[in-house]
Amino acid sequence: MVRALLRSMPDSFANALSALPPDPPIDPALGRRQHAAYRAALEACGAQVQVLPADESCPDCVFIEDAAVVFEGVALIARSGAVSRRPEALAVAQALEKTFELVRMTEPATLDGGDCMRVGRTIYVGRSARTNAEGIAQLGRAFPRLRVVPVDLPPDVLHLKCVCSPLSEDRIALCEGTIPASTFSASALSIPREELYASNLVAIGQHAVVAEGYPRTHEALARAGFTLHPVPVSEVRKADGSLTCQSILL
(Lines give C-alpha, C1' and ligand atoms only; values in the text may rest on other atoms or scores of the structure.)
Protein backbone atom coordinates (compact mmCIF):
# COMPACT_ATOMS: atom_id res chain seq x y z
CA MET A 1 0.00 0.00 0.00
CA VAL A 2 1.17 3.51 -0.83
CA ARG A 3 1.62 5.76 2.19
CA ALA A 4 1.24 9.53 1.95
CA LEU A 5 2.64 12.04 4.41
CA LEU A 6 0.70 15.31 4.64
CA ARG A 7 0.86 18.37 6.85
CA SER A 8 -2.04 20.46 8.09
CA MET A 9 -2.56 24.04 6.97
CA PRO A 10 -1.90 26.79 9.58
CA ASP A 11 -3.84 30.02 9.97
CA SER A 12 -0.62 31.73 8.91
CA PHE A 13 -1.13 30.23 5.43
CA ALA A 14 -2.79 33.57 4.77
CA ASN A 15 0.79 34.89 4.54
CA ALA A 16 2.23 32.08 2.40
CA LEU A 17 4.75 32.95 -0.29
CA SER A 18 3.34 33.88 -3.69
CA ALA A 19 4.77 35.47 -6.80
CA LEU A 20 1.93 38.01 -6.83
CA PRO A 21 -0.27 39.21 -3.95
CA PRO A 22 -3.41 37.03 -4.16
CA ASP A 23 -6.67 38.80 -4.91
CA PRO A 24 -8.89 37.88 -3.16
CA PRO A 25 -6.59 37.00 -0.26
CA ILE A 26 -5.95 33.43 0.84
CA ASP A 27 -8.73 32.03 3.03
CA PRO A 28 -7.10 29.47 5.39
CA ALA A 29 -10.46 28.10 6.59
CA LEU A 30 -11.50 27.35 3.02
CA GLY A 31 -7.99 26.05 2.36
CA ARG A 32 -8.34 23.55 5.20
CA ARG A 33 -11.62 22.27 3.79
CA GLN A 34 -9.95 21.84 0.41
CA HIS A 35 -7.01 20.10 2.07
CA ALA A 36 -9.46 17.68 3.71
CA ALA A 37 -10.90 16.93 0.26
CA TYR A 38 -7.37 16.29 -0.99
CA ARG A 39 -6.75 13.86 1.85
CA ALA A 40 -10.05 12.06 1.11
CA ALA A 41 -9.10 11.79 -2.56
CA LEU A 42 -5.74 10.20 -1.70
CA GLU A 43 -7.52 7.71 0.53
CA ALA A 44 -9.97 6.95 -2.28
CA CYS A 45 -6.91 6.16 -4.43
CA GLY A 46 -5.89 3.56 -1.85
CA ALA A 47 -3.27 5.57 0.04
CA GLN A 48 -2.73 5.29 3.78
CA VAL A 49 -2.48 8.91 4.95
CA GLN A 50 -0.55 10.35 7.89
CA VAL A 51 -0.98 14.05 8.68
CA LEU A 52 1.60 16.07 10.61
CA PRO A 53 0.38 19.05 12.65
CA ALA A 54 0.66 22.54 11.24
CA ASP A 55 3.27 25.00 12.48
CA GLU A 56 2.05 28.59 12.69
CA SER A 57 5.63 29.83 12.36
CA CYS A 58 5.85 28.14 8.93
CA PRO A 59 3.09 29.58 6.70
CA ASP A 60 3.96 27.30 3.76
CA CYS A 61 4.30 24.06 5.73
CA VAL A 62 1.28 22.46 4.01
CA PHE A 63 3.55 22.16 0.95
CA ILE A 64 5.36 19.24 2.54
CA GLU A 65 6.76 17.78 -0.69
CA ASP A 66 9.46 20.44 -0.81
CA ALA A 67 11.00 19.32 2.49
CA ALA A 68 12.22 15.85 1.51
CA VAL A 69 12.88 13.39 -1.31
CA VAL A 70 12.45 9.70 -0.49
CA PHE A 71 13.41 6.50 -2.30
CA GLU A 72 14.12 2.92 -1.23
CA GLY A 73 14.52 3.56 2.48
CA VAL A 74 16.47 6.83 2.21
CA ALA A 75 15.08 10.31 2.87
CA LEU A 76 17.06 13.34 1.72
CA ILE A 77 16.07 16.27 3.93
CA ALA A 78 16.11 19.21 1.58
CA ARG A 79 17.36 22.74 2.12
CA SER A 80 14.89 25.07 0.43
CA GLY A 81 16.00 27.87 -1.82
CA ALA A 82 13.42 29.99 0.03
CA VAL A 83 15.16 30.84 3.31
CA SER A 84 11.88 31.36 5.18
CA ARG A 85 10.85 27.77 4.39
CA ARG A 86 13.92 25.98 5.78
CA PRO A 87 12.46 25.48 9.29
CA GLU A 88 9.69 23.32 7.77
CA ALA A 89 12.14 20.45 7.31
CA LEU A 90 12.63 19.73 11.02
CA ALA A 91 9.21 18.19 11.71
CA VAL A 92 9.32 16.28 8.43
CA ALA A 93 12.73 14.82 9.32
CA GLN A 94 11.43 13.79 12.74
CA ALA A 95 8.49 12.00 11.12
CA LEU A 96 10.66 10.20 8.58
CA GLU A 97 13.56 9.17 10.81
CA LYS A 98 11.53 6.32 12.30
CA THR A 99 11.45 4.42 9.02
CA PHE A 100 14.04 6.03 6.74
CA GLU A 101 17.77 6.59 6.77
CA LEU A 102 18.12 10.36 6.81
CA VAL A 103 20.59 12.29 4.65
CA ARG A 104 20.65 16.00 5.42
CA MET A 105 21.46 18.49 2.68
CA THR A 106 24.18 20.97 3.62
CA GLU A 107 24.95 24.49 2.43
CA PRO A 108 25.50 25.88 -0.09
CA ALA A 109 23.12 23.34 -1.61
CA THR A 110 19.47 24.28 -2.12
CA LEU A 111 16.71 22.04 -3.38
CA ASP A 112 12.91 21.89 -3.27
CA GLY A 113 11.20 18.53 -3.59
CA GLY A 114 8.83 20.07 -6.12
CA ASP A 115 11.75 20.22 -8.54
CA CYS A 116 12.26 16.44 -8.32
CA MET A 117 10.28 13.98 -10.45
CA ARG A 118 11.18 10.30 -10.19
CA VAL A 119 10.14 8.12 -13.11
CA GLY A 120 11.31 4.55 -12.66
CA ARG A 121 15.00 4.67 -11.80
CA THR A 122 15.52 8.16 -13.19
CA ILE A 123 14.96 11.35 -11.24
CA TYR A 124 14.56 14.53 -13.23
CA VAL A 125 15.54 17.69 -11.34
CA GLY A 126 14.60 21.21 -12.32
CA ARG A 127 17.31 23.86 -12.20
CA SER A 128 15.31 26.68 -10.68
CA ALA A 129 15.45 29.63 -8.31
CA ARG A 130 14.91 27.10 -5.50
CA THR A 131 17.29 24.32 -6.65
CA ASN A 132 20.96 24.89 -7.47
CA ALA A 133 23.78 22.79 -8.92
CA GLU A 134 25.11 21.73 -5.53
CA GLY A 135 21.63 20.66 -4.48
CA ILE A 136 21.41 18.46 -7.56
CA ALA A 137 24.87 17.04 -6.82
CA GLN A 138 23.93 16.17 -3.23
CA LEU A 139 20.72 14.57 -4.47
CA GLY A 140 22.79 12.33 -6.73
CA ARG A 141 25.07 11.32 -3.85
CA ALA A 142 22.08 10.53 -1.63
CA PHE A 143 20.57 8.26 -4.28
CA PRO A 144 23.47 6.64 -6.16
CA ARG A 145 21.21 3.99 -7.67
CA LEU A 146 19.14 6.60 -9.48
CA ARG A 147 20.07 8.32 -12.72
CA VAL A 148 19.87 12.06 -12.07
CA VAL A 149 18.94 14.25 -15.04
CA PRO A 150 19.00 18.06 -14.58
CA VAL A 151 16.31 19.91 -16.53
CA ASP A 152 16.39 23.58 -17.46
CA LEU A 153 13.01 25.16 -16.73
CA PRO A 154 11.12 27.69 -18.83
CA PRO A 155 11.10 31.27 -17.55
CA ASP A 156 8.70 31.98 -14.68
CA VAL A 157 8.24 28.28 -13.81
CA LEU A 158 8.66 27.83 -10.06
CA HIS A 159 9.22 24.05 -9.96
CA LEU A 160 9.65 21.22 -12.46
CA LYS A 161 6.38 19.67 -11.33
CA CYS A 162 4.51 22.83 -12.26
CA VAL A 163 4.58 21.56 -15.86
CA CYS A 164 4.82 17.76 -15.50
CA SER A 165 4.20 14.92 -13.06
CA PRO A 166 4.69 11.13 -13.04
CA LEU A 167 1.86 8.83 -14.09
CA SER A 168 3.70 5.52 -13.69
CA GLU A 169 7.20 4.04 -13.74
CA ASP A 170 7.51 4.85 -17.44
CA ARG A 171 4.96 7.59 -18.21
CA ILE A 172 4.44 11.23 -17.32
CA ALA A 173 1.90 14.00 -17.84
CA LEU A 174 3.57 16.94 -19.62
CA CYS A 175 2.14 20.30 -20.56
CA GLU A 176 2.65 20.94 -24.25
CA GLY A 177 4.96 23.79 -25.22
CA THR A 178 6.91 23.83 -21.95
CA ILE A 179 9.71 21.22 -21.82
CA PRO A 180 10.46 19.09 -24.93
CA ALA A 181 9.13 15.55 -24.53
CA SER A 182 12.53 14.32 -25.79
CA THR A 183 14.00 15.47 -22.44
CA PHE A 184 12.39 12.45 -20.80
CA SER A 185 12.97 8.76 -21.45
CA ALA A 186 9.38 8.12 -20.33
CA SER A 187 6.42 8.44 -22.68
CA ALA A 188 4.41 11.63 -22.24
CA LEU A 189 0.67 12.21 -22.05
CA SER A 190 0.18 15.68 -23.49
CA ILE A 191 -1.68 18.26 -21.39
CA PRO A 192 -3.11 21.25 -23.31
CA ARG A 193 -1.14 24.45 -22.80
CA GLU A 194 -4.28 26.36 -21.79
CA GLU A 195 -4.72 23.82 -18.96
CA LEU A 196 -1.10 24.01 -17.76
CA TYR A 197 -2.04 23.97 -14.08
CA ALA A 198 -3.68 20.56 -14.51
CA SER A 199 -0.36 18.96 -15.53
CA ASN A 200 0.40 18.67 -11.82
CA LEU A 201 -1.48 15.67 -10.48
CA VAL A 202 -0.98 12.74 -8.11
CA ALA A 203 -1.22 9.32 -9.77
CA ILE A 204 -1.49 6.17 -7.65
CA GLY A 205 -1.92 3.05 -9.73
CA GLN A 206 -4.80 3.71 -12.12
CA HIS A 207 -6.21 6.48 -9.94
CA ALA A 208 -5.35 10.18 -10.21
CA VAL A 209 -6.03 13.14 -7.94
CA VAL A 210 -6.57 16.07 -10.29
CA ALA A 211 -7.47 19.75 -10.04
CA GLU A 212 -11.11 20.60 -10.62
CA GLY A 213 -12.13 22.49 -13.73
CA TYR A 214 -9.86 21.18 -16.51
CA PRO A 215 -12.11 19.16 -18.84
CA ARG A 216 -9.63 18.45 -21.65
CA THR A 217 -7.04 17.13 -19.19
CA HIS A 218 -9.66 15.05 -17.40
CA GLU A 219 -10.78 13.58 -20.74
CA ALA A 220 -7.21 12.69 -21.74
CA LEU A 221 -6.53 10.99 -18.42
CA ALA A 222 -9.81 9.07 -18.54
CA ARG A 223 -8.97 7.86 -22.06
CA ALA A 224 -5.63 6.69 -20.66
CA GLY A 225 -7.50 4.49 -18.19
CA PHE A 226 -7.34 6.58 -15.01
CA THR A 227 -10.13 6.89 -12.48
CA LEU A 228 -10.22 10.58 -11.61
CA HIS A 229 -10.65 12.22 -8.22
CA PRO A 230 -11.08 15.98 -8.84
CA VAL A 231 -10.42 18.31 -5.90
CA PRO A 232 -10.75 22.08 -5.35
CA VAL A 233 -7.48 24.00 -5.43
CA SER A 234 -8.30 27.72 -5.28
CA GLU A 235 -6.48 28.51 -2.03
CA VAL A 236 -3.25 26.56 -2.58
CA ARG A 237 -3.10 27.99 -6.07
CA LYS A 238 -3.04 31.51 -4.61
CA ALA A 239 0.22 30.48 -2.89
CA ASP A 240 1.71 29.09 -6.13
CA GLY A 241 0.94 25.55 -4.91
CA SER A 242 -0.82 22.61 -6.48
CA LEU A 243 -1.39 18.91 -5.79
CA THR A 244 1.89 17.01 -5.60
CA CYS A 245 3.36 19.61 -3.25
CA GLN A 246 0.79 18.74 -0.54
CA SER A 247 2.11 15.22 0.02
CA ILE A 248 5.18 13.00 0.08
CA LEU A 249 4.41 9.55 -1.28
CA LEU A 250 6.36 6.97 0.71
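A brief look at the structure comes next.

1. Let's talk about empty space enclosed by the protein
For step 1, the next point in the chain: Under the counting rule described, the total for this entry stands at two cavities of 30 Å³ or more.
For step 2, the next point in the chain: Surrounding the largest cavity, D66, A67, A78, R79, S80, R85, R86, E88 and A89 form its lining.
For step 3, the next point in the chain: Classifying every residue of the lining of the largest cavity gives three nonpolar, one polar and five charged.
For step 4, the next point in the chain: Taken as a whole, the second largest cavity holds about 40 Å³ of empty space.
For step 5, the next point in the chain: Along its surface, the second largest cavity is lined by M9, G31, Q34, H35, Y38, V231, P232, V233, V236, L243 and Q246.
For step 6, the next point in the chain: Considering each element in turn, the lining of the second largest cavity owes the most residues, four residues, to helix α1 (residues 28-44).
For step 7, the next point in the chain: For the lining of the second largest cavity, the class distribution of residues is seven nonpolar, four polar and no charged.

2. Details of the nonpolar core
For step 1, the next point in the chain: Grouped together as the largest cluster of nonpolar side chains are 27 residues, with contacts concentrated most on F13, L42, V209 and L243.
For step 2, the next point in the chain: Each residue touching L42, except ones within four places of it in the same chain, is listed here: A4, L6, A47, V49, V202, I204, V209 and S247.
For step 3, the next point in the chain: Of all hydrophobic cores here, the second largest spans 16 residues; its members include F71, I136, A142 and F143.

3. Some details on the sheet that holds strand β2 (residues 48-52)
For step 1, the next point in the chain: Pairing is mixed in the open sheet, where three strands are placed in the order β2-β1-β15. Each having just a single partner strand, β2 and β15 (248-249) make up the two edges of the open sheet.
For step 2, the next point in the chain: Pairing of strand β1 (residues 3-7) with β15, which is carried by two bridges, proceeds in the antiparallel orientation. Residue pairing for β15: A4 is matched across the bridge by L249.
For step 3, the next point in the chain: Across the sheet, α1 touches β1 and β2, and the angle it forms with β1 is around 175°.

4. What to know about the pattern of salt bridges
For step 1, the next point in the chain: Scanning all chains against the criterion turns up 15 salt bridges.
For step 2, the next point in the chain: Close ionic contact of R39 with E43 constitutes a salt bridge, the shortest N to O distance being 3.2 Å. Of the two residues, R39 and E43 are both situated in helix α1; the distance of four residues between them amounts to about one turn of the helix.
For step 3, the next point in the chain: A salt bridge links R145 to E72, with the nearest nitrogen and oxygen atoms 3.2 Å apart. Taken together, the residues R145 in the loop between α3 (133-142) and β8 (147-152) and E72 in the loop between β3 (68-71) and β4 (74-77) connect sequence positions 73 residues apart.
For step 4, the next point in the chain: Judged by its relative accessible area of 60%, R145 falls in the exposed class.
For step 5, the next point in the chain: Classification of E72 as partly exposed rests on a relative accessible area of 45%.

5. Quick look at unusual backbone geometry
For step 1, the next point in the chain: Cis rather than trans, the peptide bond between D23 and P24 has omega equal to 5°.
For step 2, the next point in the chain: Relative to the elements of secondary structure, P24 occurs in the loop between β1 and α1.
For step 3, the next point in the chain: The residue after E107, namely P108, is reached through a cis peptide bond having omega 10°.
For step 4, the next point in the chain: Here P108 is to be found in the loop between β5 (101-104) and β6 (116-119).
For step 5, the next point in the chain: Positive phi, normally seen in glycine, also occurs at D156, with a value near 70°.
For step 6, the next point in the chain: Relative to the helices and strands, D156 is located in the loop between β8 and β9 (164-166).
For step 7, the next point in the chain: What makes D156 exposed here is its relative accessible area of 84%.
For step 8, the next point in the chain: Here the phi dihedral of D240 falls at roughly 60°; this positive angle occurs in a residue that is not glycine.

Cut-off values and rules
- Residues numbered from 1 in each chain as written.
- Predicted model: local features only at pLDDT ≥ 70, side-chain atom pairs only at ≥ 80, totals over all residues.
- Heavy atoms only, no water.
- 1 Å grid on protein atoms, 1.4 Å probe; cavity = no way out; pocket = protein on both sides within 12 Å on 5 of 7 lines; lining within 4 Å.
- Points joined across faces, edges and corners; volume = space filled by probe spheres on them.
- Nonpolar A, V, L, I, M, F, W, Y, C, P; charged D, E, K, R; others polar.
- Helix = DSSP H or I, 4+ residues; strand = E, 2+ residues; numbered from the N terminus.
- Core = buried A, V, L, I, M, F, W, Y, C linked by side-chain atoms within 4.5 Å.
- Buried < 20%, exposed > 50% of the residue type's maximum accessible area, 1.4 Å probe, protein only.
- Contact = heavy atoms within 4.5 Å.
- Pairing = 2+ DSSP bridges.
- Axes fitted to C-alpha atoms, helices over the stretch in contact; angles between N-to-C directions.
- Salt bridge = Lys/Arg side-chain N within 4 Å of Asp/Glu carboxyl O.

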